[in-house]
Amino acid sequence: MNPLRATRIRSLITISVIAPLLAAGLGAAPTAGAQDLTDGGRLGGGSSQLLPDGVALGSVGGPELSQVDSVDLERYAGQWYQVAAIPQPYTLQCTNDTKAEYGITAPGTVSVRNTCGSAVSSDSVIEGEANVRDTDTNASLRVNFPMVPFQDENGPVNYRITYLADDYSVAIVGDPTRSSGFVLSREPVLAPEQWSTVRQVIENRGWWSCAFLTVPMAEGRSDVTPLCLLP
């Protein structure tokens, strides 16, 4: 791709994704003595509960995000690398190595532990809980983090699994309105054909693929690149 065109696309993404967050006051740094809401990526792994109503940064419209037919939570549990995502208000400080760890604590209940590398916070861990809302498929859940204010524990689904590889090696999740979107992988690096599948799924599900940025990993990609620019 022409380097100038690539630069223009990156600039467009910065304006369309980051600027609205700052305008809404969501990207402001915490004041002295205030609770630090940036640790660990409070929204990492699919929770979008801190976005204002109606904000769908990566959506191109259409019906709500579809879900897979069935999820075996025992197989889904374990560690996932967040290899790409739509930037969220309180994950902007997460610079690298974003991970999610899931565990089954009770039927229909999943523990959530998100971590990330950060240049602004020494504590990059946040723990919460996800509860299954669709027991027929286990594909739609509600994620809550006890330390995060303004959230409604009984609120709507904010974590929906819309794609899951047959071998549970790659998953794509988001909330029903597509205001969040996350590409999760069991490995820190994806093969070119996997990236191609991910992009196809994302665009098929009604997201704008340019809103997804790759996440630098110690053993994976070292760049931050819009998904739409990947070869």
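Just above sits the structure.
These notes cover the structure that comes with them. Everything numeric in this text was worked out from a predicted model, so none of it was measured.

Rules used in this analysis
- Residues numbered from 1 in each chain as written.
- Predicted model: local features only at pLDDT ≥ 70, side-chain atom pairs only at ≥ 80, totals over all residues.
- Heavy atoms only, no water.
- Disulfide = S-S within 2.5 Å.
- Helix = DSSP H or I, 4+ residues; strand = E, 2+ residues; numbered from the N terminus.
- Buried < 20%, exposed > 50% of the residue type's maximum accessible area, 1.4 Å probe, protein only.
- Core = buried A, V, L, I, M, F, W, Y, C linked by side-chain atoms within 4.5 Å.
- Contact = heavy atoms within 4.5 Å.
- Salt bridge = Lys/Arg side-chain N within 4 Å of Asp/Glu carboxyl O.
- Phe/Tyr/Trp six-rings, centres within 6.5 Å; stacked < 30°, edge-to-face > 60°.
- Lys NZ or Arg CZ within 6 Å of the ring centre and 35° of its normal.
- Pairing = 2+ DSSP bridges.

1. Description of the state of the cysteines
Stage number 1. Under the defined criterion, the tally for this structure stands at two disulfides.
Stage number 2. Each sulfur of the disulfide joining Cys94 and Cys116 lies 2.2 Å from the other. Of note, the bridge from Cys94 to Cys116 carries an S-S torsion of about -65° and is left-handed in sense. On the criterion of sequence distance, the pair formed by Cys94 in strand E2 (residues 94–106) and Cys116 in strand E3 (residues 109–118) is long-range, its members being 22 residues apart. Each of the two residues, Cys94 as well as Cys116, counts as buried.
Stage number 3. The side chain of Cys210 participates in a disulfide bridge whose partner is Cys228; the two sulfur atoms lie 2.0 Å from each other. Judged by the sign of its S-S torsion, about 105°, the cystine formed by Cys210 and Cys228 is right-handed. Here Cys210, found in the loop between helix H3 (192–204) and strand E9 (213–214), pairs with Cys228, found in the segment after E9; they are 18 residues apart in sequence, far enough to count as distant. The exposure classification of Cys210 matches that of Cys228, with both residues buried.

2. What about the nonpolar core?
Generally speaking, nonpolar side chains in soluble globular proteins are found buried as a group.
Stage number 1. Val71, Tyr76, Tyr102, Tyr159, Ile161, Leu164 and Leu184 are the most contacted members of the largest nonpolar core, which has 26 residues in total.
Stage number 2. Excluding residues within four positions of it along the chain, Ile161 makes contact with Ser66, Gln67, Val68, Val71, Tyr76, Asn138, Ala139, Ile172 and Val173.

3. Side note on the pattern of salt bridges
Stage number 1. Taken as a whole and judged by the stated rule, the model has four salt bridges.
Stage number 2. A salt bridge links Arg160 to Glu64, with the shortest nitrogen-to-oxygen separation between them at 2.8 Å. Highlighted residues: Arg160 in strand E6 (residues 159–164) and Glu64 in the loop between helix H1 (3–23) and helix H2 (73–76), separated in sequence by 96 residues.
Stage number 3. A residue is classified by how much of its surface remains accessible, and Arg160, at 9% relative accessible area, is buried.

4. Topic: the side chain of Thr98
Stage number 1. Counting through the fold element by element, Thr98 comes out in strand E2.
Stage number 2. Thr98 gets classed as buried once you look at its relative accessible area, which sits at 6%.
Stage number 3. Residue contacts for Thr98: discarding those within four places in its chain leaves Trp80, Tyr81, Gln82, Thr115, Cys116, Val215 and Met217.

5. Some points on the packing of aromatic side chains
Stage number 1. A full pass over the atoms with the stated rule returns four aromatic pairs.
Stage number 2. A centroid spacing of 5.4 Å and a plane angle of 85° characterise the contact between Trp207 and Phe212, whose relative ring orientation is edge-to-face. For the pair formed by Trp207 and Phe212, the shared burial category is buried.
Stage number 3. In textbook terms, an aromatic cluster arises when at least three aromatic residues are bridged by ring pairs, as seen for Tyr76, Trp80, Tyr102 and Tyr159.
Stage number 4. Above the plane of the ring of Trp80 lies Arg186, whose end atom (NZ or CZ) is 3.8 Å from the centre.

6. Concerning the environment of Gly155
Stage number 1. Here Gly155 lies in the loop between strand E5 (140–144) and E6.
Stage number 2. Assessed through its relative accessible area of 5%, Gly155 is described here as buried.
Stage number 3. Sequence-wise, Gly155 and Asn144 are 11 residues apart; in three dimensions their C-alpha atoms are separated by 9.3 Å.
Stage number 4. In contact with Gly155, not counting residues within four places along its chain, are Arg133 and Arg142.

7. Section: the pairing of E6
Stage number 1. Most of E6 is tucked away: five of the six residues are buried.
Stage number 2. Bridge analysis of E5 against E6 gives two bridges, and the strand direction is antiparallel. Bridge pairing links Ser140 to Arg160 in E6.
Stage number 3. A loop of five residues connects E6 with strand E7 (residues 170–174), the two strands running antiparallel in sequence, and Tyr168 in this loop sits at a positive phi of about 60°.

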